[in-house]
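Now for the letters of each chain:
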Amino acid sequence: MKINSLSREEALRALVSSENGLSEKEAARRLSESGFNEIREAHRTPLAIRFLKQFTHFLALLLWVGAGLAFLSDYLHPGEDMGTLGFAIIGVIVINAVFTYIQEYRAEKALEALKRLLPFSVRIVREGKERKVPSREVVPGDVMLLSEGDRIPADARLIEGAMLKVNNAPLTGESEASLRNALPAPGELLDSPNIVFAGTSVISGSGKALVFATGMGTEFGRIAHLTSAVEQDLSPLQKEIAKATRLVATIAALVGIFFFSLGFVIGRDFWGNFIFAVGITVALIPEGMLPTVTLSLAMASQRMAKRKALIKNLSSAETLGCVSVICTDKTGTLTQNRMTAEKIWRDGSILDAQGFMAPADDPLMQAALLCNNARFADNEYRGDPTETALLRLGRESLGDLSAERMFEIPFDSDRKRMTTVNRVGDAGIVFSKGAMESILPLCSRFLVNGVEYGMEETFRERALDAYGSLMDHGLRVLAFAYRKNPSDLLPPDPSSLEEDLVLAGLVGLEDPPRPEVPEAIGKCHEAGIKVIMITGDGSRTAVAIAREIGLVKGDPLVIEGPEFLEMDDRELREKLSVGEILFARMAPKHKMRVVSILQEEGEWVAVTGDGVNDAPALKKADIGISMGISGTDVAKEASDMILLDDNFATIVNAVEEGRAVYENIRKFITYIFASNIPEAVPYLAYILFRIPLPLTIMQILAVDLGTDMLPALALGTEKPTPAVMRQPPRSRNERLLNFSLLSRAYLFLGPIEAFACMSGFFYVMINGGWTWGMEAAPDHVLYLQATTACLTAIIIVQIGNVFACRSAKESVFRLGFFSNRFIFIGIGFELCLQLFIVYSPYGNRVFSTYPLSPAMWLVLLPFAFLLLFSEEARKYLLLRR
Ligand code: ATP
């Protein structure tokens, strides 16, 4: 029999479980038997194939052509050593493939590790007690408690359900929410209204469900098995790099062809010309750039996770760096969400909540206790912080009160109130609590010293004054009302329930700001990021808190929910462009419109949210941010980033990391591009001035694929400097390879390096007796030493360059010369490799080098300082300007 057609008792029996859930011991046994409740991704392309793919992309194909040409010419014209060149180019392809593969693999592992941090958990009943467990630990037989916004982690049969609606779209594609119930139903599982499926989510209502399938056994697991997992799209930055690499490679090939033709026209020897063309092409191709960028982004996302911001894909790591507006909730994000009752307004005066004692039949405290879903159990308050604060106040001033609840209209952020009907003694009482704007219009009477009076204008004004003055203290104020009316008891009519109420009083709750927030707001202001508070609380509370945290200084423009609804887009756009603005009494569903208009104005918008109704805004925003602790699963799924600590300051930290990673990518690109010039200039000199070739192709490859690698990666690990958050957000249109980067690399740093390497070459040649116009035999010791000096000069200036590239604007001495230890590891690696190339017989053979005297290193060393200090001077002048 299928589980959907069983009665609830039969279903529980079939899974050897009970209303009280499993025992911990049994659950552990089942977990070891059925495994974790996870969808194993149908493995993407097998690893071997992915490795082989590294040999067939555009750059690799270009290099294959080069190698083929080299072998062909070796065959047609033996004795020019073209065969070695062919093998060397194949070596480049292999090294490049291995390097790329390792980087991609590491990046992927880093992202997988992040996925495991996703805070998805579920409430279950075990041994009769409710507890929260990570979704992956759910086993068949567990009894889950579901409520609005939960992601359902396993296939389960409902055993209780109150107006439970689920969104089955991920499974069936149907976007209508469908109502579930707990009654037995025959037919197929998928069509059965008493079954909830893994991968779907609860839109509204609540329920209890018995898990019968987990992990790959669920319907979702079965589908996941059939379709291969979706490959992750490249982020815009990765795409830009891929495009730039292709462009540079094409230009490199064209430059090669151009100089080959030029040499041909001016009558150079064909083979010399050919070596030149291949050499310059290989020198200019930026082989390892894309994988290095990918790895940098992955490492940045790991750093963000360490700072409690979990991003779900690499694109977000870079988008974060462009954020220009953050729309943030107040409660729990800017504040601690630790509410305590501070003030009470009743009988016309404001009292301290602490120590307040109420008579047993006091409707205000009765409402606080009964119109409330928080619980006090095991010496602990549980539930929504607003409600736990009220429950505590009620218990402390009145004591415990047991009263049967007959009916409830739950709180929702649109109506901003909650209503219950309770039986207190023999009487039925309707209690309502919520925002003043939502409660006061329902009241036709008010209560003073135990006597109910008809609502008068003077009293209404006094109530509103008290409300305003409580809000001015930054308190969240709730109004309480009631009506004694036994006729409403059974069955209540919801539409007539909330009318003719008696206003009993107000309670002001304090929710202190998070201590890190003022500094984070200050950072945003410095960084040119606008912060807009969008809160469900009243406007004066919002302004008071905004002042306290430094979000506003003057008198901000406050737009309230009802006013917002009446505004047209043009008006809203105008208002949004003013300096200080905040939104109060807003419902989550209105956030999306604010986001859209900001985006139309060209802003990059980050928005926070925690509930089901926040999901559309989270999806629409450039960066949707959900709360790891208080957020619903639906919000977490709709978001790009999850704050593991719900803290606003964490958003700012993530933005800082996002900006830093972009800067870092620029740093290593500048570093790599700069060294292309000293690689290209020797070839130009060779062809234009007819001198012996100062640098061989193998030596170029030693730099590009050997010595440059680790220092470049080390630049990718630079920590964000304070300066990163002192500049305005990057514009949407800004290109990574912009004029300032290219000109610095190609027109400033590169030429200094070229000067160094050519000086090294000529120094050896001229001291050895060479004069202009003399030919040099390829195996002549003097010539070998001169090319070795040229190569060593590049290695040495690149040491100066790696320090120069640590910042485009700031002096490296201000950054702290020793503050990035990876730079020193990179330089150590670079030097060891160079010593091997220069002093080992093997290195000499492969790279056509010859041991240099130590004195030669001393001659070349000043070039590193020349580069570094020229760069320091440039930065100094830049700063002064
Ligand atoms: P923010 O948007 O700043 O995070 P929020 O999302 O907590 O705030 P809501 O939960 O929508 O805001 O609350 C808006 C208003 O609804 C509150 O100011 C309060 O008056 C009222 N309210 C909040 N919680 C309850 C509740 N449990 N019962 C009745 N009214 C409530």
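The residue numbers shown here count from 1 along each chain, following its written sequence. The predicted nature of this model means local features are confined to residues of pLDDT at least 70 and side-chain atom pairs, given and counted, to a pLDDT of 80 or more, with totals for whole chains, interfaces and linings taken over all residues. To obtain the side-chain values, all non-hydrogen atoms of the structure were used and water was disregarded.

1. Focus on the overall build of the protein chain
Operational definition: Runs of E in the DSSP output that reach at least two residues are strands. Runs of H or I that reach at least four are helices, and both are numbered from the N terminus. Categorising residues by exposure relies on relative accessible area from a 1.4 Å probe, with only protein chains included: less than 20% of the type maximum marks a residue as buried, more than 50% marks it as exposed, and the intermediate range marks it as partly exposed. Residue contacts follow a heavy-atom distance rule, with two residues in contact if any of their heavy atoms lie within 4.5 Å. The method behind every accessible area is Shrake-Rupley, applied with a 1.4 Å probe, and residues are considered shielded solely by the protein chains displayed. The positive count covers Lys and Arg only, the negative count covers Asp and Glu only, and His and the chain ends enter neither. Lys charges are placed at NZ, Arg charges at CZ, Asp charges at CG and Glu charges at CD.
Summing up its helical and strand segments, the protein chain has 33 helices and 26 strands in all. The buried share of the protein chain, reckoned over its 881 residues, is 55%. Put simply, 72% of the contacts in the protein chain that link residues at least 6 apart link residues at least 24 apart. Summing over all exposed atoms, the protein chain offers an accessible surface of approximately 38000 Å²; the carbon and sulfur share of this is 59%. With 90 positive and 104 negative side-chain charges, the protein chain shows a spacing of 3 Å between the two charge centroids.

2. Notes on the domain arrangement of the protein chain
Here is the rule: Segmentation into domains, and thus their bounds, comes from an automatic or database assignment.
By domain assignment, the protein chain separates into domain 1 (3-41 + 116-228), domain 2 (48-107 + 233-318 + 654-880), domain 3 (321-336 + 514-653) and domain 4 (340-510). Centre-to-centre, using C-alpha coordinates, domain 1 lies 37 Å away from domain 4.

3. Focus: helix H17 (residues 517-526)
The criterion, for reference: By definition, the arc is the one covered by directions from the helix axis to the C-beta atoms.
Within H17, burial applies to Val517, Ala520, Ile521 and Cys524. Projection of H17 onto a plane perpendicular to its axis shows the buried side chains occupying an angular sector of 100°, all on one side. In this structure, the buried residues of H17 make contact with strand S9 (325-328), strand S21 (530-533) and helix H24 (648-674). One or two residues past the end of H17 sits Gly528, with phi positive at roughly 70°.

4. Describing helix H10 (residues 289-306)
Every α-helix winds through 3.6 residues per turn, so residues three or four apart in the chain are directed the same way. Where we set the bar: Given the number of residues in a helix, its expected span is that number minus one, multiplied by 1.5 Å.
The end-to-end C-alpha distance of H10, which contains 18 residues, comes to 26 Å, matching closely the 26 Å that a straight helix rising 1.5 Å per residue would cover. Within H10, 14 of the 18 residues are buried, which leaves it mostly tucked inside the rest of the structure. Lys308 occupies a position one or two residues after H10 and carries a positive phi of about 75°.

5. As for unusual backbone geometry
Phi is positive for Val16, close to 45°, though the residue is something other than glycine. The backbone of Lys308 sits at a positive phi, close to 75°, despite the residue not being glycine. Residue Lys308 is classed as partly exposed on the basis of its relative accessible area of 41%.

6. Details of the packing of helix H28 (residues 739-767) against helix H29 (residues 781-804)
The geometry of a pair of packed helices is captured by two quantities: the angle between their axes and the separation between those axes. The condition that has to hold: Helix axes are fitted only over the stretch in contact, all axes being lines through C-alpha atoms; the angle between N-to-C directions runs from 0 to 180 degrees. Should an angle fall under 35 degrees it is called roughly parallel, over 145 degrees roughly antiparallel, and 65 to 115 degrees roughly perpendicular, with every other angle called oblique. When the near helix sits turned anticlockwise from the far one by under a right angle, the crossing is termed left-handed; a clockwise turn instead gives a right-handed crossing. Asp, Glu, Lys and Arg are counted as charged, while Ala, Val, Leu, Ile, Met, Phe, Trp, Tyr, Cys and Pro are counted as nonpolar; the rest, among them Gly, fall into the polar class.
Where H28 meets H29, the closest approach of the two axes is 8 Å, and the angle between their N-to-C directions is 150°. Between H28 and H29, the angle falls in the class roughly antiparallel. H29 is crossed by H28, and the crossing has right-handed handedness. Along the lines of polarity and charge, the residues of the contact of H28 with H29 split into 15 nonpolar, five polar and two charged.

7. Focus on the side chain of Ser432
In this structure, Ser432 sits in strand S16 (residues 427-434). Sequence-distant contacts of Ser432, defined by excluding residues within four places in its chain, comprise Cys371, Met418, Thr419, Ile439, Ala479, Phe480, Ala481, Glu498 and Leu501.

8. Examining the site of the ligand
Definition in use: A single heavy atom is enough: if one lies within 4 Å of a molecule or strand, its residue is considered near that molecule or strand. Each polar contact in these results corresponds to two N or O atoms within 3.5 Å; when the atoms are within protein, one needs to be able to donate a hydrogen and the other to accept it, and residues that are neighboring in sequence are counted only if both atoms are side-chain atoms.
If you check the shell around the ligand, you find 20 residues, and the closest are Thr331, Glu387, Arg476, Thr535 and Asp537. Contacts to the ligand include Thr331, whose backbone N or O atom sits 3.0 Å from an oxygen atom. In the model, an oxygen atom of the ligand is placed 3.4 Å from a nitrogen or oxygen of the Ala435 main chain. Protein contacts shield 90% of the accessible area of the ligand, which totals 630 Å² for the unbound molecule. Elements with a contribution of two residues or more to the shell around the ligand: S16 and strand S19 (476-484). Broken down by element, the residue count for the shell around the ligand peaks at three residues, all from S19. Class assignment for the residues of the shell around the ligand results in six nonpolar, five polar and nine charged. When residues are assigned to domains, the shell around the ligand turns out to be shared by domain 3 (321-336 + 514-653) and domain 4 (340-510), each giving three or more.

9. Some points on the side chain of Asn820
Mapped onto the elements of the fold, Asn820 is located in the loop between helix H30 (812-815) and helix H31 (821-839). Overall, the relative accessible area of 5% leaves Asn820 in the buried class. Of note is the side chain of Asn820, whose polar atom sits 2.8 Å from the side chain of Glu718.

10. A look at the pattern of salt bridges
The condition is simple: By definition here, a salt bridge exists when the distance from a side-chain nitrogen of Lys or Arg to a carboxyl oxygen of Asp or Glu is within 4 Å.
Considering all chains together, one arrives at 51 salt bridges under this definition. The residue Arg30 makes a salt bridge to Glu26 at a minimum N-O spacing of 2.7 Å. Taken together, the residues Arg30 and Glu26, both in helix H2 (residues 24-34) and four residues apart, mark about one turn of the helix. Notably, a salt bridge pairs Glu408 with Arg405, separated by 2.9 Å at the nearest N-O pair. Judged by its relative accessible area of 28%, Glu408 falls in the partly exposed class. Among the ionic contacts, a cluster of salt bridges with common partners joins Arg303, Arg307, Lys523, Glu656 and Glu657.

11. Some points on the packing of aromatic side chains
Selection rule: Think of it this way: a Phe, Tyr or Trp ring, Trp meaning its six-membered ring, pairs with another when their centres are within 6.5 Å, and the plane angle makes it stacked under 30 degrees, edge-to-face over 60, tilted otherwise.
Per the stated rule, a full pass over the model turns up 23 aromatic pairs. Pairing Trp345 with Phe459 gives two aromatic rings, centres 5.8 Å apart and planes at 40°, and the pair type is tilted. Pair noted here: Trp345 is in strand S10 (residues 340-346) and Phe459 is in helix H15 (residues 457-472), with a separation of 114 residues, a long-range link. For the pair shown, Trp345 and Phe459 are each scored as buried. Seen in terms of ring centroids, Phe761 and Phe762 are 5.5 Å apart; in terms of plane orientation they differ by 65°. Their pairing is edge-to-face.

12. Considerations on the sheet that holds strand S25 (residues 623-627)
Note the threshold: Between any two strands, at least two bridges found by DSSP are needed for them to pair.
The strand order across the open sheet built from six strands is S8-S26-S25-S24-S9-S21, with neighbouring strands paired in mixed fashion. If you trace the sheet from one side to the other, it starts and ends with strand S8 (309-311) and S21, each paired once. Shown here is a sheet whose adjacent strand axes are inclined to one another by a mean of 20°, direction ignored. As judged from the three bridges shared by S9 and strand S24 (residues 605-609), these two strands associate in the parallel manner. For Ile326, the partnering residue across the bridge sits in S24 and is Ala606.

13. Thoughts on a negative patch on the surface
The cut-off we apply is this: Residues enter patches when they are more than 30% accessible in relative terms and free of salt bridges; like-charged ones are connected within 9 Å and nonpolar ones (Val, Leu, Ile, Met, Phe, Trp, Tyr) within 5 Å.
Side chains of Glu563, Glu566, Asp568 and Glu571 sit close together on the surface and give a patch of like negative charge. Its place among the elements puts Glu563 in helix H19 (residues 561-566). By relative accessible area, which is 35% here, Glu563 ends up partly exposed.

14. Some words on the confidence of the model for the protein chain
The line we're drawing: Per residue, pLDDT captures the predictor's confidence, and it can take any value from 0 to 100.
For the protein chain, the mean per-residue pLDDT works out to 86, and 95% of the residues sit at or above 70. Per-element confidence in the protein chain is highest for S9, whose mean pLDDT is 95, and lowest for helix H7 (residues 219-226), whose mean pLDDT is 68. This model gives residues 227-231 a pLDDT under 50, and the stretch forms seven contacts once residues within four places in sequence are excluded.

15. Things to note about the nonpolar core
Short version of the rule: Each nonpolar core is a collection of buried residues, namely Ala, Val, Leu, Ile, Met, Phe, Trp, Tyr and Cys, held together in the definition by side-chain atoms within 4.5 Å.
Formed by 78 residues in total, the largest nonpolar core has its most connected members in Met641, Phe648, Ile665 and Ile669. Examining the composition of this core, we find that 15 residues originate from one element, H24, more than from any other. Lining this core are residues from two domains, each supplying at least three of them: domain 2 (48-107 + 233-318 + 654-880) and domain 3 (321-336 + 514-653). Apart from the residues within four sequence positions on either side, Ile669 is in contact with Ile241, Met289, Leu736, Leu737 and Leu741. Listed in part, the 69 residues of the second largest apolar core include Leu63, Ala252, Ala786 and Trp857.

16. Overview of the pairing of S25
The side chains of a regular strand alternate between both faces of the sheet. The condition that has to hold: Place the viewer so that the strands point away; then a crossover is right-handed whenever the path from the first strand over the helix to the second strand goes clockwise.
Counting buried positions along S25 gives five out of five residues, so the element sits mostly inside the fold. Side chains Ile623, Ile625 and Met627 of S25 all project onto a buried face; the interleaved residues Gly624 and Ser626 project onto the opposite face, where all are buried too. Across four bridges, the pairing between S24 and S25 is parallel. Each residue of the ladder has a partner; that of Ala606, found in S25, is Ile623. Once you follow S24 into helix H22 (residues 615-620) and on to S25, the crossover reads as right-handed. Note that S25 and strand S26 (residues 641-643) share three bridges and pair parallel. Of the residues in S26, the one forming a bridge with Ser626 is Ile642. Handedness of the crossover is the feature at issue here: the chain leaves S25, passes through helix H23 (residues 633-638), returns alongside S26, and the resulting connection is right-handed.

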